[in-house]
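Summary of the model geometry
Here are the chains, one letter per residue:
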Amino acid sequence: MASFRLRNVSVEFPIYQATYRSLKKLVLAFSLQGDRAREDSDRIHVQALTDLTLDMEEGDRVGLIGPNGAGKTTLLKVLAGIYAPTGGQVHSSGKISSLLDVKVGLNPEATGRENIILRGMYMDVHPREMRAHVDEIVAFAGLGPHLDMPVRTYSAGMAIRLAIAVSTCIRPEVLIMDEWLSAVDERFLERAHRRLGDFIGGSNIVVLATHSMTLLREWCNRAILLDQGRVVVNGSVDEAIDAYHALSTAQ
Amino acid sequence: MLDQQAPRSADLELPPSPSPTAAAWADLVEGTARSWMWSSMAMQDIKLRYRGSVLGPFWLTISMVVMIVAIGLIYARLFNQETGRYLLFLTIGLVIWQFVSSLITDGCQTFLSAQHVISQVCLPFSVHVWRIVCRNLIVLAHNAVIVPFVLVIFGVSIGWNVLTIIPALAILTINGVWVSILVGMLSARYRDVPPIVMNFVQVAFFITPVFWPPEALGHWTPYLVLNPLFAAIDVVRAPLLGAAPLPYSWSVLLVVTVLGCAGTFALFVKFRSRIAYWV
């Protein structure tokens, strides 16, 4: 059974100022013992998530909304296991796939075929398994004869189609997804949309960060509204959307 | 299913999270097990570096040969050595030095060069480590093809002890793993570390008997025990020259391996979860 349990999760980013992250500073800090306070003020901490307690169960399609800088991506990264929380506890079960940046692992110098295998590796999928998907990916992305050409020769649209086709060829058990549908050009949007719909439908748990209320209504059965790193609403989609609009008018 | 009410089971106790030590160990085990992943990544790195070139990675071999011939002819005279024997000594020394030193300098980039991946995908950190180590093993294999030629040309009689280079190379590889983790973490946290390491390796090349014979130090020769890089070269080079390594070379290497692994593992346990925040 796939699930997520978050208890009082906080994430704090250390921002090392350009000058701080050097040994010189460290050495100087040791030699100037009286300067502790100032040295500490040199290091800024940004509180990205504060005291989140959440549960997600099988069948949940969770939409994550909130203004820019609310902590959506950070929460996705905590769920994906990329960031260990600096406070609180995360417990997850099920095999998690994260689709935050569709282009991760794609190398412009490598050919389309090589990239399919490479991208698969970053999804923890063995090349043997990826090879079985090559034909289907080529058909979806419309690569045709370009398959064995370096990706840098592709048009932007073709590259993003390749990225989407590869990222969505395996059905993950738990899907953590940042919305990047906005990067897709108009003509391709509908096909991409359909493919993503299928992709999401095949996963046990989906967490999707989005700015699109249409997608939220269509794909999600519950929603979390984040603001300034805190949960404002954790409930139904309508509830969250209402609160989101109230929040944006208030600002 | 859809849950309209307050989160269920929010007051439920979670099973305890695995200890940092267990998590770090699991990272190493799971990363190492994904050999298909890091070996293909390493192969791809090499392939991309030489894409479009006719000789491909054999350029590495050629530049090594050029260096050996150039240094060999001059320094054999400088050090009053018999040319054949010196070329052999130099070839093996340079090939191993190239492996060891580039493991150290490449190690700085272990996590920095995987920055984008680390911040987007959750993979065991040791995958990135093995990728660097494997890449350097591939380079070593390209350079090592020179060695049999030189051995045949200058006809050295090697004994059965030549087989000891197999465990020796295995130990060097293990050292490559901890070095990559250690300097990789330090470089991710302190961006001054890569140039410092680069500088250190450059100096080390001249103070380690790679291209000069250890005996040339005269009564200072015993102090070479302080240089583990010499031990690393000696355990591979001596058997191929038909000799035995200096008595302390293996002990030095083993002590460094044990201390390095233990110390680095302790740091890895403590700071593994911070790496994603550093890069």
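Residues numbered from 1 in each chain as written. Chains lettered and ligands numbered in written order. Predicted model: local features only at pLDDT ≥ 70, side-chain atom pairs only at ≥ 80, totals over all residues. Heavy atoms only, no water.

Focus: the overall build of chain A
Per the secondary structure count, chain A includes 10 helices and 9 strands. Out of the 251 residues in chain A, the part that is buried amounts to 55%. Taking as baseline every contact in chain A between residues at least 6 positions apart, the subset at least 24 positions apart corresponds to 74%. Accessible surface, chain A: about 11000 Å² in total, of which carbon and sulfur atoms supply 52%. (Helix = DSSP H or I, 4+ residues; strand = E, 2+ residues; numbered from the N terminus. Buried < 20%, exposed > 50% of the residue type's maximum accessible area, 1.4 Å probe, protein only. Contact = heavy atoms within 4.5 Å. Areas by Shrake-Rupley, 256 points an atom, 1.4 Å probe, with all protein chains shown as cover.)

Let's talk about the interface of chain B and chain A
Counting residues at the interface gives 44 residues for chain B and 50 residues for chain A. Taken as a group, L14, W36 and Y277 of chain B account for 18% of the area that chain B buries against chain A, more than any other trio of residues on that side. Across the chain B-chain A interface, the total number found is 3 salt bridges. Among the ionic pairs, E114 of chain A bridges to R51 of chain B, the shortest N-O distance being 2.9 Å. If you look at where chain B meets chain A, you find 11 residue pairs in polar contact (both at pLDDT 80 or more). Every element with two or more residues in the side of chain B that touches chain A is listed here: α2 (35-49), α5 (115-120), α8 (165-189), α9 (193-207) and α12 (275-278) of chain B. Counting residues per element, the side of chain B that touches chain A draws most heavily on α2 of chain B, at 7 residues. A class-by-class count of the residues in the side of chain B that touches chain A yields 24 nonpolar, 10 polar and 10 charged. (Buried area = accessible area lost by both parts, 1.4 Å probe. Salt bridge = Lys/Arg side-chain N within 4 Å of Asp/Glu carboxyl O. Polar contact = N/O pair within 3.5 Å; in protein donor to acceptor, adjacent residues only side chain to side chain. Nonpolar A, V, L, I, M, F, W, Y, C, P; charged D, E, K, R; others polar.)

A word on the nonpolar core
Counting residues in hydrophobic clusters, the biggest one holds 122 residues, and the most contacted among them are L75, I176 and V207 of chain A. Among the elements that take part in this core, helix α4 (residues 83-107) of chain B stands out by supplying 14 residues, more than any other. In this structure, this core is formed jointly by two domains, domain 1 (3-94 + 211-250) and domain 2 (99-203) of chain A, each of which donates at least three residues. When sequence neighbours within four positions are dropped, the list of residues in contact with L75 of chain A reads L6, L49, L52, L54, L64 and L226 of chain A. Counting residues in each nonpolar core, the second largest holds 50 residues, with V134, M158, I170 and W219 of chain A among its members. (Core = buried A, V, L, I, M, F, W, Y, C linked by side-chain atoms within 4.5 Å. Domains from an automatic or database assignment.)

A short note on a nonpolar patch on the surface
Residue and element names in this part refer to chain B. Together, V54, L55, F58, W59, I62, V66 and V145 make up an exposed nonpolar region whose accessible area comes to about 650 Å². Within the fold, V66 resides in helix α3 (residues 58-78). Of the residues examined, V66 reaches a relative accessible area of 52% and is grouped as exposed. (Patch = residues over 30% accessible without salt bridge, like charges linked within 9 Å, V, L, I, M, F, W, Y side chains within 5 Å.)

Describing the domain arrangement of chain A
All names here are of chain A. Partitioning chain A into structural domains gives domain 1 (3-94 + 211-250) and domain 2 (99-203). The interface of domain 1 with domain 2 comprises 15 residues on the first partner and 14 residues on the second. Roughly 1100 Å² is buried in total at the junction of domain 1 and domain 2, and carbon and sulfur atoms are behind 70% of that figure. If you sort the residues of domain 1 by the area they bury against domain 2, R61, L76 and W219 come out on top, with a joint share of 48%. In this structure, the connection of domain 1 to domain 2 is made through 0 salt bridges. Linking domain 1 to domain 2 there are 3 residue pairs in polar contact (both at pLDDT 80 or more).

Observations regarding the packing of aromatic side chains
All told, the structure shown has 16 aromatic pairs over all chains when counted by the stated rule. Aromatic pair Y75 of chain B and F79 of chain B: ring centres 5.7 Å apart, planes at 40 degrees, arrangement tilted. When the ring of F205 of chain B is compared with that of F206 of chain B, the centres are 5.2 Å apart and the planes differ by 75 degrees; the resulting orientation is edge-to-face. With relative accessibility at 15%, the residue F205 of chain B sits in the buried group. For F206 of chain B, a relative accessible area of 51% corresponds to the exposed category. One aromatic cluster is present, formed by Y75, F79, Y86, F89, W97, F205, F206 and F211 of chain B through successive ring pairs. The lysine or arginine in question, R191 of chain A, covers the ring of F140 of chain A, its NZ or CZ lying 5.1 Å from the ring centre. The side chain of R195 of chain A reaches across the aromatic face of F140 of chain A, ending 4.5 Å from its centre. (Phe/Tyr/Trp six-rings, centres within 6.5 Å; stacked < 30°, edge-to-face > 60°. Lys NZ or Arg CZ within 6 Å of the ring centre and 35° of its normal.)

Quick notes on helix α10 (residues 237-250) of chain A
Residue and element names in this part refer to chain A. Compared with an ideal rise of 1.5 Å per residue, which puts 14 residues at 20 Å, α10 spans 20 Å between its outermost C-alpha atoms and is within 8% of the ideal. Of all the residues in α10, the buried ones are V237, A240, I241, Y244 and L247. Burial along α10 is one-sided: seen end-on, the buried residues are contained in an arc of 120 degrees. For α10, the exposed residues lying more than 90 degrees away from the buried face are D242, T249 and A250. (Expected span 1.5 Å × (residues − 1). Arc of directions from axis to C-beta.)

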